[in-house]
Amino acid sequence: MSVGERPANQAAGTPTKGGGLKKIVAASMVGTVVEWYEFFLYATAATLVFGKYFFPSTGNELDGIIQAFITYAVGFVARPLGGIVFGQIGDKLGRKPTLQLTIVIIGVSTFLMGCLPGFADIGYLAPALLVFLRFIQGFALGGEWGGAVLLVAEHSPNKTRAFWSSWPQAAVPVGNLLATLVLYIMSSTLSSEAFLGWGWRVAFWLSAVIVFVGYYIRRHVSEAPIFLEAKELVEKEQAVSYGVGEVIRKYPKGILQAMGLRFAENIMYYLVVSFAIVYLKSVHKYDTSSLLLALLIAHVIHFLVIPQVGRLVDRWGRKPVYLVGAITGAAWPFFAFPMFDTRNAVIIVLAVTIGLCLHAFMYAGQPAIMAELFPTRMRYAGVSLGSQVTSIFAGSLAPLLATQWLKDTGSWLPTAIYLVVACAITAFAVLSLRETKGIALQDVDKADAAREGLLNASAR
């Protein structure tokens, strides 16, 4: 029986034998929590610590933050490379072994970051080592996201794919929450000197513990039947291929659409969780512990909102919900920064929380939409390329550009205009999609097989 001929509920709707869908979701989530705990830990530490610890003082606090954000951007540059390498591995060998490898690499690199000496100890070798480890961390994360969401999406029922595959997305704020919580405890219980000296390192060292848990859980999941079937077809038919080169040749439109979907979402997220801290700390000299507490509350609500938006994506459709996120996201900075300027703690928490809730309208449906853009034999590569290449031009630059504009103009308005343009690009990408609510992934594979003239061959 070919990929296209298998009944829709046999592969996509039925979890692999020996494990239920909830187990698959848990395995995907726990790894994603670990990965994003470590990645966001770097983002927060870059804002609060690294500018002072790893770089020489210039007399302007923003200069150190800008330099730290440049090293932060290195991780984003590495992510597409990781997406290419691990996308190829994931489409050939499977989602499970790839996810096991990425979680170990990120864990080791993050732990070593916590061991690095500062600029005062070894000079420019300190930021050089930081950049190297950041590159390795970003490289592994580039292969993590696609595998985590596809592990769930390829096991999920057609009618609820967006809901189930939104749970790995919800794991991201959990990872961010843990990172923020650890830093909050360290910064609120230690003196500024102790926190800058050694307190921040504890959060990086704790990653080793979480990595062991995530790796253990991921060992006990199985591949989706639809992937195993596609893999068998590729092995049988030399005329059909998989991976990065194939998806670029055959589905360039899908990659561009995925990039467009990612653009505004990625920019908005890092403006809300990273640049908001810079703005409040540099313009209003807001207390570090209070800022981290605000992010803690916002991350909890973000976690709760994402799966509910996933339900809406299954009910209303992929395109309408995403458009709501793009349109409302463009409006966020115009009311959020005036709310920040009140210096009122409750209003600040509300501004950050609203930003993350609006972000969820773009973020929750991404795994389902992107999975439905590509056939199984090249889905990992397509999803990884579409999501990770965009990060170079989006999330990596967003806090850096916003901080530079703040330094040059003293205003948040350039950043607001920047987000409006990004949201317009994403809205255009959404409008270019065809609605795929409820589609069977087998139908995507069947259309691909028909396009390649392989329906008869795959039935042998």
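Caption draft 1: Structural detail: the overall build of the protein chain. Helix and strand counts for the protein chain stand at 21 helices and 0 strands. When the 460 residues of the protein chain are sorted by exposure, 62% land in the buried category. Contacts in the protein chain between residues at least 24 apart in sequence constitute 87% of all its contacts with a sequence separation of at least 6. Roughly 16300 Å² of accessible area belongs to the protein chain as shown, and the carbon and sulfur atoms make up 69% of that amount.

Caption draft 2: Structural context of the environment of L178. Relative to the assigned elements, L178 resides in helix α7 (residues 161-189). The exposure class of L178 is partly exposed, given its relative accessible area of 31%. When the C-alpha positions of L178 and L296 are compared, they lie 8.5 Å apart, and in sequence the two are 118 residues distant. Filtering out sequence-adjacent residues up to four positions away, L178 remains in contact with V33 and Y37.

Caption draft 3: Here's a closer look at the nonpolar core. Grouped together as the largest cluster of nonpolar side chains are 128 residues, with contacts concentrated most on F50, F54, I267, W332 and F340. Beyond its immediate sequence surroundings of up to four residues, F50 is in contact with Y42, A45, F55, A68, L130, W200 and F204.

Caption draft 4: Molecular detail of a nonpolar patch on the surface. A surface patch of nonpolar side chains, about 480 Å² in accessible area, is lined by V104, V108, F111, L112, W205 and Y215. Counting residues per element, the nonpolar patch draws most heavily on helix α4 (residues 95-113), at 4 residues. Structurally, V104 can be placed in helix α4.

Caption draft 5: How the structure looks around the packing of α4 against helix α8 (residues 192-205). Here α4 crosses α8 at 165°, and the two axes come no closer than 8 Å. Accordingly, the angle class assigned to the pair α4 and α8 is roughly antiparallel. Crossing of α4 over α8 shows left-handed handedness. Listed contacts from α8 to T110, F111 and M113 of α4 are W200, R201, F204 and W205. Split into classes, the residues belonging to the contact of α4 with α8 amount to 5 nonpolar, 1 polar and 1 charged.

Caption draft 6: Here's a closer look at helix α17 (residues 379-393). With 15 residues, α17 ought to run about 21 Å at 1.5 Å a step, and its terminal C-alpha atoms sit 22 Å apart, in line with that. Burial of α17 is extensive: 12 of the 15 residues sit out of reach of the surface. Residues of α17 that are buried: R379, Y380, A381, G382, V383, S384, L385, G386, S387, Q388, T390 and S391.

Caption draft 7: Broad picture of the pattern of salt bridges. Evaluation of the coordinates by the stated rule reveals 10 salt bridges. Of the charged contacts, one joins E246 and R249 as a salt bridge, the two residues approaching to 2.7 Å between their closest N and O atoms. Separated by 3 residues within a single helix, E246 and R249 lie in helix α11 (residues 243-250), roughly one turn from each other. The exposure class of E246 is buried, given its relative accessible area of 5%. We classify R249 as exposed; its relative accessible area is 56%. A salt bridge links R318 to D314, with the nearest nitrogen and oxygen atoms 3.2 Å apart. Here the two residues R318 and D314 agree in accessibility, since each one is buried. In this structure, a network of salt bridges that share partners links the residues E246, R249, K250, R377 and D448.

Caption draft 8: View of the confidence of the model for the protein chain. On average, residues of the protein chain carry a pLDDT of 82, and 89% of them reach 70 or more. Between the elements of the protein chain, mean pLDDT differs from a low of 42, seen in helix α1 (residues 8-11), to a high of 97, seen in helix α19 (residues 413-432). Taken together, the stretch residues 1-19 has pLDDT below 50 and engages in 49 contacts with residues farther than four places along the chain or on a different chain.

Caption draft 9: Here's a closer look at unusual backbone geometry. Not every positive phi belongs to a glycine, and R343 is a case in point at roughly 60°. Counting through the fold element by element, R343 comes out in the loop between α14 (318-341) and α15 (345-363). The exposure class assigned to R343 is partly exposed, which follows from its relative accessible area of 42%.

Caption draft 10: The packing of aromatic side chains, seen in detail. Scanning the entire structure with this criterion turns up 17 aromatic pairs. With centroids separated by 5.2 Å and ring planes inclined at 65°, the aromatic side chains of F163 and W164 adopt a geometry described as edge-to-face. Just as F163 is buried, W164 falls in that class too. For the pair F334 and W412, a centre-to-centre distance of 6.2 Å together with 80° between the ring planes defines the contact as edge-to-face. With a gap of 78 residues between them, F334 in helix α14 and W412 in the loop between α18 (398-409) and α19 connect regions that are remote in the sequence. Classification of F334 by relative accessible area gives partly exposed; the value is 38%. Taken together, the ring pairs connect F275, Y279, W332, F334, F337, F340 and W412 into an aromatic cluster. The ring of W145 carries the charged tip of R262 above its face, separated from the ring centre by 5.9 Å.

Caption draft 11: A look at the packing of α14 against α15. Running from amino to carboxyl end, α14 crosses α15 at an angle of 165°, the nearest separation of the two axes being 7 Å. As summarised for this structure, α14 and α15 are arranged roughly antiparallel, according to the angle between their axes. The way α14 lies across α15 gives a crossing that is left-handed. Contacts from V321, Y322, V324, G325, A326, T328, G329, W332, F335, A336, M339 and F340 in α14 reach I347, I348, L350, A351, V352, I354, G355, L358, F361 and M362 in α15. The residue makeup of the contact of α14 with α15, split by class, is 18 nonpolar, 4 polar and no charged.

Criteria and thresholds
Residues numbered from 1 in each chain as written. Predicted model: local features only at pLDDT ≥ 70, side-chain atom pairs only at ≥ 80, totals over all residues. Heavy atoms only, no water. Helix = DSSP H or I, 4+ residues; strand = E, 2+ residues; numbered from the N terminus. Buried < 20%, exposed > 50% of the residue type's maximum accessible area, 1.4 Å probe, protein only. Contact = heavy atoms within 4.5 Å. Areas by Shrake-Rupley, 256 points an atom, 1.4 Å probe, with all protein chains shown as cover. Core = buried A, V, L, I, M, F, W, Y, C linked by side-chain atoms within 4.5 Å. Patch = residues over 30% accessible without salt bridge, like charges linked within 9 Å, V, L, I, M, F, W, Y side chains within 5 Å. Salt bridge = Lys/Arg side-chain N within 4 Å of Asp/Glu carboxyl O. Axes fitted to C-alpha atoms, helices over the stretch in contact; angles between N-to-C directions. Parallel < 35°, antiparallel > 145°, perpendicular 65-115°, else oblique. Left-handed = near helix turned anticlockwise from the far one by under 90°. Nonpolar A, V, L, I, M, F, W, Y, C, P; charged D, E, K, R; others polar. Expected span 1.5 Å × (residues − 1). pLDDT = per-residue confidence, 0-100. Phe/Tyr/Trp six-rings, centres within 6.5 Å; stacked < 30°, edge-to-face > 60°. Lys NZ or Arg CZ within 6 Å of the ring centre and 35° of its normal.

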